[in-house]
Amino acid sequence: MTQPLLSVRNLTKLYGPRIGCADVAFDLYPGEVLGIVGESGSGKSTLLSCLAGHQTPDTGKVIFETAQGPRDVLQMAEPDRRRLGRTDWAYVHQNPRDGLRMGVTAGGNVGERLMAVGARHYGDIRDKATDWLGRVEIAADRIDDRPRQFSGGMQQRLQIARNLVTGPRLVFMDEPTGGLDVSVQARLLDLLRGLVRDLGLSVIIVTHDLAVVRLLAHRLMVMKSGHVVEQGLTDQVLDDPQHGYTQLLVSSILQV
Ligand SMILES: Nc1ncnc2c1ncn2[C@@H]1O[C@H](COP(=O)(O)OP(=O)(O)OP(=O)(O)O)[C@@H](O)[C@H]1O
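These numbers were taken from a predicted model, which means no experiment stands behind them.

Visitor: Honestly, the overall build of the chain in this entry has me stumped. Any pointers?
Guide: Of the regular secondary structure elements, the chain holds ten helices and ten strands. The C-alpha atoms of the chain give 18 Å as radius of gyration, which agrees with the globular expectation for 256 residues (18 Å, within 12%). Here the C-alpha coordinates of the chain stretch approximately 55 × 45 × 40 Å along the principal axes. Burial analysis of the chain (256 residues in total) assigns 51% to the buried set. Taking all contacts inside the chain whose residues are at least 6 apart in sequence as the whole, residues at least 24 apart take part in 67%. Placing the 29 positive and 29 negative side-chain charges of the chain at their respective mean positions leaves the two points 6 Å apart.

Visitor: What should I look at first to understand the pairing of strand 9 (residues 219-224) in this one?
Guide: A regular strand places its side chains on the two faces of the sheet in alternate fashion. Within strand 9, five of the six residues are buried, which leaves it mostly tucked inside the rest of the structure. In this structure, strand 3 (residues 33-37) lies alongside strand 9, joined through four bridges in parallel fashion. Along strand 9, the bridge assignment pairs Gly 35 with Leu 220. Inspection of the sheet shows strand 9 paired to strand 10 (residues 227-233) by six bridges, in the antiparallel sense. What sits directly across from Leu 220, in strand 10, is Gly 232. Taking the residues between adjacent antiparallel strands as the criterion, strand 9 and strand 10 are bridged by two residues, where Ser 225 takes a positive phi near 50°.

Visitor: Sorry if this is basic, but what is going on with the pattern of salt bridges here?
Guide: Between side chains of opposite charge, a pair can form when the charged atoms approach closely. By the definition in use, this model includes 15 salt bridges. Among the salt bridges present, the one from Asp 80 reaches Arg 83, with a minimum N-O distance of 3.4 Å. With Asp 80 and Arg 83 both in helix 2 (residues 78-87), this residue pair falls three residues apart, about one helical turn. Accessibility expressed as a relative area gives 29% for Asp 80, which makes it partly exposed. A residue is classified by how much of its surface remains accessible, and Arg 83, at 44% relative accessible area, is partly exposed. Bridged by salt links that share partners, the residues Glu 78, Arg 81 and Arg 82 form one connected network.

Visitor: I tried to follow the sheet that holds strand 5 (residues 69-72) on my own but got confused; where do I start?
Guide: Adjacent strands of a sheet pair through backbone hydrogen bonds, lying either parallel or antiparallel. Strands sit in the order 2-1-4-5 across an open sheet of four strands; the sheet is antiparallel. Each edge of the sheet is formed by a strand with only one pairing partner; in this case those strands are strand 2 (18-28) and strand 5. Pairwise comparison of adjacent strand axes, ignoring direction, gives a mean angle of 20° for this sheet. Of the strands in this sheet, strand 1 (6-15), strand 2 and strand 4 (59-66) are in contact with helix 1 (residues 44-51), which crosses strand 1 at around 120°.

Visitor: What exactly am I supposed to notice about the side chain of Asn 109 here?
Guide: Tracing the backbone through its elements, the reader meets Asn 109 in helix 4 (residues 106-116). Overall, Asn 109 belongs to the buried group, its relative accessible area being 0%. Side-chain polar atoms of Asn 109 contact the backbone oxygen of Val 104, separated by 3.1 Å.

What counts and what doesn't
Residues numbered from 1 in each chain as written. Predicted model: local features only at pLDDT ≥ 70, side-chain atom pairs only at ≥ 80, totals over all residues. Heavy atoms only, no water. Helix = DSSP H or I, 4+ residues; strand = E, 2+ residues; numbered from the N terminus. Rg over C-alpha atoms; globule rule 2.2 N^0.38 Å. Buried < 20%, exposed > 50% of the residue type's maximum accessible area, 1.4 Å probe, protein only. Contact = heavy atoms within 4.5 Å. Lys, Arg positive; Asp, Glu negative; His and termini not counted. Charge placed at Lys NZ, Arg CZ, Asp CG, Glu CD. Pairing = 2+ DSSP bridges. Salt bridge = Lys/Arg side-chain N within 4 Å of Asp/Glu carboxyl O. Axes fitted to C-alpha atoms, helices over the stretch in contact; angles between N-to-C directions. Polar contact = N/O pair within 3.5 Å; in protein donor to acceptor, adjacent residues only side chain to side chain.

Here it is, written out as structure tokens:
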């Protein structure tokens with residue numbers, strides 16, 4: 001039996017008297033995509049940012065299987081956690097502007113991440129950046145353009161290249177297709193699905209779009225008012241929801 005890559009237990013984050021997320025627990029296995037869905041304010045972003053170390057939860061354990069064995073991310077010193085963020089983890093923001101350096105060229109955006117993990121040879125860095133731009137369907141002759149010269153969809157694909165170039169094992173995604181128009185979303189989803197499969201990535205993806213999880217996620221976690229109300233295999237949860245809230249969520253989407 002493989003070890004989980006990430007084990008989360010009793011994770012709670014309060015904002016004063018308000019619940020951000022409460023008593024969340026799950027295991028994520030290598031190569032697995034976990035979707036987190038729920039209405040606005042249900043705690044999805046809070047949970048994701050606590051997992052990624054952007055916020056400190058009040059209680060809980062987030063055990064990550066590092067190369068040196070399992071470590072509780074919440075107990076790690078800040079520099080160690082930052083290093084993990086550069087090497088083993090990646091974070092794709094909803095708004096590409098939050099995940100890109102807008103004043104730096106496309107090639108620089110990708111190359112910078114390689115340099116952060118020790119790459120030094122200019123030719124190698126540029127070759128790898130070109131390769132990754134190709135993988136996310138950005139033409140090689142755009143390598144010296146800046147992200148602001150790109151469309152929203154291209155910016156998002158560049159953010160994905162910047163995140164994946166260092167070969168992370170765990171990728172956090174916060175509404176990666178939000179804010180894009182429907183045809184661009186569909187292409188991006190296809191691209192993401194291919195990359196996740198080819199690279200064997202483990203992914204935690206937050207979205208309010210059930211079509212996104214249907215396509216990408218193996219497993220699904222449904223949140224309401226900060227609590228996980230249902231979790232299971234994606235098709236099972238969507239086709240045969242057990243909790244009243246999930247039933248409502250699924251039927252409201254189907255009616256749209
Ligand atoms: N910085 C904050 N200060 C106080 N309360 C917050 C803060 N961030 C989130 N909350 C509260 O925590 C709860 C969960 O919010 P969160 O943003 O995690 O939900 P969400 O499911 O990600 O929503 P959305 O889909 O709209 O992004 C909400 O009640 C929200 O008002």
